[in-house]
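Tertiary structure, described
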Amino acid sequence: MVYEFRKSVDVLLSGIESDLQAGLLPLRVFNDDDIYEAELRRIFARSWVFIGHESEIPTAGDYALRYIGRDPFIFVRDQKQHIHVLFNSCRHRGSQLCRVEKGRTKNFSCPYHGWIYGTDGSLIAVPSQNEGYKRLNMAEWGLHAAPHVANYHGLIFANLDPNAVSFEQYLGRYRWYLDIQFLLTEGGMEVIGEPHRWLVNANWKQGAENFNGDSSHTSITHQSALHVGVGGQSSIGALGKSRGVHVSECDGHAISMRMLETDKKLFWMYPDEVTRCINHGVLDDAQIDIARRSVVHDGTVFPNFSFIHVAVTDSADRPPAGFLSLRVWQPVAPGKTEIWNWILAPRESSEASRRRAYRVGMSSFSPSGSFEPDDIAVFGSIARSASTVFAEMNQLKLNYQMGLGDMGDLAPIENWPGPGVAVGSNAGEEGLRTFHRSWYRQMMVRPTGGAQHE
Ligand code: FES
Ligand SMILES: [Fe+2]
């Protein structure tokens, strides 16, 4: 084979479809300038992207800075309680309008020439208007906003594509699994504290694919954390036999679950004040039965919103406690990701339970936690390999074949009550392949409408 220096994204993508069918993926996709730039345009500008939870901005005028791809937005609740996702750039000469990460305001005043906007994005005042801007039509110069914003039980998602499908259509049947996490109790879930953010030398897709069902890494990568008992496995193991279930191809998304064979009410080891309020009116019997037996769920809503709903402990001599961690894998650069992490607990939790959920969450899946740094060290090393000339000149491919076709013995679970394809084994990577198939489909669709800028 003659080595040829190839930079075109489309040439790079051209062979990926057949590679994916064979369970292969080019290593370069995890750290490539051109792939990254194309992802910003073809994926992040056209997918439903998580912005934040409405409980982060509970009062009129509350705001926080958020990002879609690399683009800055203001997540704000206006004076009439409507939530907006406003482009954080002044309509006059483009200055960044809001520079404070989070706060409460009646309006946004530009630091350059002082144009003032309401919390709904409307332009309400311009200095020297009578001298210099007599005929300015204020109604035409409000802030730009994400054209589509959706509220899924308090989770706010936005889509920059004017022609986007609805959020309901985008989620499709995957909603059945998300509802188990977010509608578990009648009060729903609530964010505790501020989201944590940290920069890692890794590609955004590594966290997203990992949360889609990479169960085979847990006992290897996290061996030391499990060894000291903070996985809570001894107390959980005493309650029943554990089983991993992986659901893939659920309208482009996937989830992995660890459940016990037991008659007990586990519900991620949430306390009684929570398990008394299970949402029987909304969840069906099959959803409740899955939740009752569950200690871990993790999944990704394509592209970069992941969650892990888990019971672990902060000390081997204390029982595990449940919490829900939300993740955004923010694509800062091809080999750099800012991880955002929110900890949530059911609204019915007592103050002591919330504190415990937060503490357990921070001590496990956070930058200083017992599990998180293990993954980041591995992700960084993959991104480093992906940026090498050797990987490029040899067009190196990675093996995502575990459990694929006759490589494994993973027959779908018969009579599985939920949507998607479920298998009862951890020895597969179908959830990861689901993620990369969604990625490939989005990368191959040319931009339409307002996104014709490639
Ligand atoms: S750039 Fe904002 S007022 Fe001029
Ligand atoms: Fe991990």
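Look up: the structure comes first, before these words.
Right, let's walk through the structure included here. (Residues numbered from 1 in each chain as written. Chains lettered and ligands numbered in written order. Predicted model: local features only at pLDDT ≥ 70, side-chain atom pairs only at ≥ 80, totals over all residues. Heavy atoms only, no water.)

All right, on to the coordination of the iron ion (ligand 2) then. Binding of the iron ion (ligand 2) to the protein goes through His217 (NE2), His222 (NE2), Asp375 (OD) and Asp375 (OD), at separations of 2.1 to 2.5 Å. Every donor counted, the four donor atoms about the iron ion (ligand 2) form angles of 56 to 150 degrees at the centre, which fits irregular coordination. Sequence positions of the donors to the iron ion (ligand 2) reduce to the motif H-x4-H-x152-D. With histidine 217 in the loop between α7 (204–210) and α8 (218–221) and aspartate 375 in helix α14 (residues 372–386), this pair connects stretches of sequence that are 158 residues apart. As far as burial versus exposure is concerned, histidine 217 and aspartate 375 are alike and both buried. (Donors = N, O, S within 2.8 Å, 3.2 Å for Na, K, Ca; no water. Tetrahedral: all angles 85-135°; square planar, octahedral: opposite > 155°, others 65-115°. Helix = DSSP H or I, 4+ residues; strand = E, 2+ residues; numbered from the N terminus. Buried < 20%, exposed > 50% of the residue type's maximum accessible area, 1.4 Å probe, protein only.)

We now examine the packing of helix α3 (residues 33–44) against helix α16 (residues 430–444). Remark: α3 packs on α16, axes separated minimally by 9 Å, with the N-to-C direction vectors making an angle of 80 degrees. As summarised for this structure, α3 and α16 are arranged roughly perpendicular, according to the angle between their axes. Between α3, through Ile35, Ala38, Glu39, Arg42 and Ile43, and α16, the contact on the second element is made entirely by Trp439, Gln442 and Met443. Partitioning the contact of α3 with α16 into residue classes produces five nonpolar, one polar and two charged. (Axes fitted to C-alpha atoms, helices over the stretch in contact; angles between N-to-C directions. Parallel < 35°, antiparallel > 145°, perpendicular 65-115°, else oblique. Contact = heavy atoms within 4.5 Å. Nonpolar A, V, L, I, M, F, W, Y, C, P; charged D, E, K, R; others polar.)

This brings us to the pairing of strand β11 (residues 155–159). In terms of burial, β11 is largely enclosed, as five of its five residues are buried. Residues Leu155, Phe157 and Asn159 of β11 are buried on one face, and the alternating residues Ile156 and Ala158, pointing to the opposite face, are buried as well. In terms of strand pairing, strand β2 (residues 49–53) meets β11 through four bridges, oriented antiparallel. When the bridges of β11 are listed, glycine 52 appears paired with isoleucine 156. Sheet topology note: the strand β10 (residues 148–152)/β11 ladder contains five bridges and is antiparallel. Counted as the bridge partner of valine 149 is alanine 158 from β11. Adjacent in sequence and paired antiparallel, β10 and β11 are bridged by two residues, among which histidine 153 carries a positive phi angle near 45 degrees. (Pairing = 2+ DSSP bridges.)

Here the focus is the layout of surface pockets. Considering only enclosed or pocket space, the largest pocket measures out at about 600 Å³ in volume. As for the largest pocket, its lining consists of 31 residues, and the residues nearest its centre are Ser215, Thr218, Arg258, Val296 and Asp298. Elements with a minimum of two residues in the lining of the largest pocket: α8, α10 (233–237), β13 (241–250), β14 (253–261), β15 (294–301) and β16 (305–312). Looking at the lining of the largest pocket element by element, the count peaks at four residues for β16. (1 Å grid on protein atoms, 1.4 Å probe; cavity = no way out; pocket = protein on both sides within 12 Å on 5 of 7 lines; lining within 4 Å. Points joined across faces, edges and corners; volume = space filled by probe spheres on them.)

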